[in-house]
Amino acid sequence: MSVLVVNSGSSSVKFQLVDPVSGESLASGLVEQIGESEGRVVLEYGGSEIENRREIPDHGVGLAVAFEMLEASGVELRSEVTAVGHRVVHGGEVFYRPTLIDDDVLQQISDLSALAPLHNPPNVLGIEVAREQLPDVSHVAVFDTAFFHGLPAAAATYAIDRDVAKAHGIRRYGFHGTSHEYVSQQVTRFLGREGLNQIVLHLGNGASASAIRSGVPIDTSMGLTPLEGLVMGTRSGDIDPGVVMHLKRSAGMDVDAIDQLLNRASGLKGLAGVNDFRVLGRNIENGDADAKLAYDVYIHRLRKYIGSYMVLLGRLDTITFTAGVGENAAGVRADALANLEGFGIEVDAERNAVRSREPRIVSTDASTVTVLVVPTNEELAIAQATEQVTL
Ligand code: ADP
C-alpha cells in the first residue's frame, strides 16, 4: 500500500510512490519538457532507471505515459495506490491544512491562481489529470503555504494601505512550508529536545529561511509569492519595489517581462549566468569574477536573515541547513556562519566536510548553538499528510 505524490510544475511533473509508514520510496520519476517537440519521462524503480523520449503535448499525456511505465515495471498502480497527495503551492487564506480534493476544492485552488499565476495553474492541471487516471482513490492537496498560515500579524503584514491589502489578499504567506515543518520536526526528534528555538535554511534552487519557536513559525523569508527573501537560483529575492517602477517607466518593460526577469533571469543566473551551484563553484575556482560576486551577494543576504532571526528568536538553539545546496555545499554552510563565535556559533570544519544522507551535527562541541544538516523529504511529508487525511 502506498501513496502517490504528485508535484506538477509548468512544464514538468515529478512523482513518487511512497510507503508513508516505512518512509521508503518505492518508485520515483519525472516527466519533463512537456509541450516541446520531444519530451522525456524518467522512472526509477527497483534500483534501475528507465527513460522514454517522445512528444508529450500536455500534462495528461505525460502522466499517462508515466503510469504506463510504472505498470510495465510491475507496479499495480490501481490496486497498490491508496491515495494521491498533490503538492499545491498557494493555499491563500483559504487552505491551511491538508485537504481532501473535490470539485469545489479544485475550483478554489484554481481561484487562488491570481496569487500564484506561475504555480497554481499547473498544480490544478496535475490534479485534474491524476483524478482522471486514478478516479477511485482519494486525492489530497498539501499546501506549501500551510505551515506559515498562523504567522504573527507583525511578520505577515506588509506596511501598505490596509484597504488595498485587504481587497487583494496582500500579506506574507511563506512557502516551502512542508519542508520547514518536516525538517524542524526532524531536528527535534534527532536531538531529542522539545521547545527548541530554530532557524531552518532551505537552500535549493528556490531558497527560504524560517524562524521557529517550539514548532511554531514566527517569521519566514518568502512573502506574497516565493520571490521575496534570499537570493535564489533564478529569483532576485528581496529587492526595492522601486526597481519595478523604474523598469516599467525607464526600460519600458511590461509586467510579464518584469515577472520573467525577477523570477527566471535573476538571482545567481542573472548575476553569473548559471543557477546550478556546482557550476557556480567551478566558475569561481576558474577565476570568474561574476560568479564570485554572485556567491558573495548570496552569502551576504543569507547572513542578514540569520542575524535578524537570531534577534527575533531572542535565544537560538539550532541552525539547520537543508535542500540541494544546504545539504551538499559545505562551503556555503561555513561561509554563512563564519566569525560568529561571539554569538555562540562555531562550525566544525571536519564534521562539516562529511557527506551523508543522514541528519548530522556540524558544529563544535563548544558551540552553544547546534548547527545541523538535515536532508529534507517533502514527498514523504506529503505522503504522511495525505494518509492522515484519508484514514
Ligand atoms: P529544487 O527542489 O528547488 O529544484 P534542490 O533542493 O534539488 O532544488 O537543489 C538544487 C540545487 O542544489 C542546485 O542549485 C544544485 O546545484 C545544488 N546542488 C546539488 N548538489 C550539490 C552539490 N553536491 N554541491 C553544491 N550544490 C549542489
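An unreviewed UniProt entry lists the protein under the name Acetate kinase, with Rhodococcus sovatensis given as the organism. Taken verbatim from the UniProt record of the protein, the Pathway (unreviewed entry) comment is "Metabolic intermediate biosynthesis; acetyl-CoA biosynthesis; acetyl-CoA from acetate: step 1/2." In the Sequence similarities (unreviewed entry) part of its UniProt record, the protein is described as follows: "Belongs to the acetokinase family."

Visitor: In this structure, what is going on with the sheet that holds strand E2 (residues 13–18)? I would like to understand it.
Guide: Remark on secondary structure: sheet strands pair via backbone hydrogen bonds, oriented parallel or antiparallel. Judged by pairing direction, the sheet is mixed, and its eight strands sit side by side in the order E5-E4-E3-E2-E1-E6-E8-E7 without closing on themselves. One side of each edge strand has no neighbouring strand; the edge strands of this open sheet are strand E5 (48–54) and strand E7 (99–100). Alignment of strand E1 (residues 2–8) against strand E6 (residues 81–88), held across five bridges, turns out to be parallel. Of the residues in E6, the one forming a bridge with Val3 is Ala83.

Visitor: How should the UniProt feature "active site" (unreviewed entry) in the protein be read in this particular structure?
Guide: Here the UniProt feature "active site" (unreviewed entry) sits at Asp144. When you line up the elements, Asp144 lands in the loop between strand E8 (138–143) and helix H5 (153–156). Those residues in contact with Asp144, other than ones at most four positions away along the chain, are Arg87, Val88, Val89, Gly174, Phe175, His176, Gly177 and Thr178. There is a polar contact of 3.1 Å between the side chain of Asp144 and the backbone nitrogen of His176.

Visitor: Explain the sheet that holds strand E11 (residues 216–220) to me, please; I cannot follow it from the model alone.
Guide: Read from one edge to the other, the open sheet built from six strands follows the order E11-E10-E9-E12-E14-E13, with strand pairing classed as mixed. Every interior strand has two partners, whereas the edge strands, E11 and strand E13 (360–361), have only one. As defined by bridge partners, strand E10 (residues 207–213) adjoins E11 across four bridges and the pair is classed as antiparallel. Counted as the bridge partner of Arg213 is Val216 from E11. Its contacts with the sheet put helix H12 (residues 289–313) on strand E9 (197–203), E10, E11 and strand E12 (318–322), and the angle it makes with E9 is roughly 160°.

What counts, and where the lines are drawn
- Residues numbered from 1 in each chain as written.
- Predicted model: local features only at pLDDT ≥ 70, side-chain atom pairs only at ≥ 80, totals over all residues.
- Heavy atoms only, no water.
- UniProt positions renumbered as here; feature names shortened; annotations may be inferred.
- Pairing = 2+ DSSP bridges.
- Helix = DSSP H or I, 4+ residues; strand = E, 2+ residues; numbered from the N terminus.
- Contact = heavy atoms within 4.5 Å.
- Polar contact = N/O pair within 3.5 Å; in protein donor to acceptor, adjacent residues only side chain to side chain.
- Axes fitted to C-alpha atoms, helices over the stretch in contact; angles between N-to-C directions.

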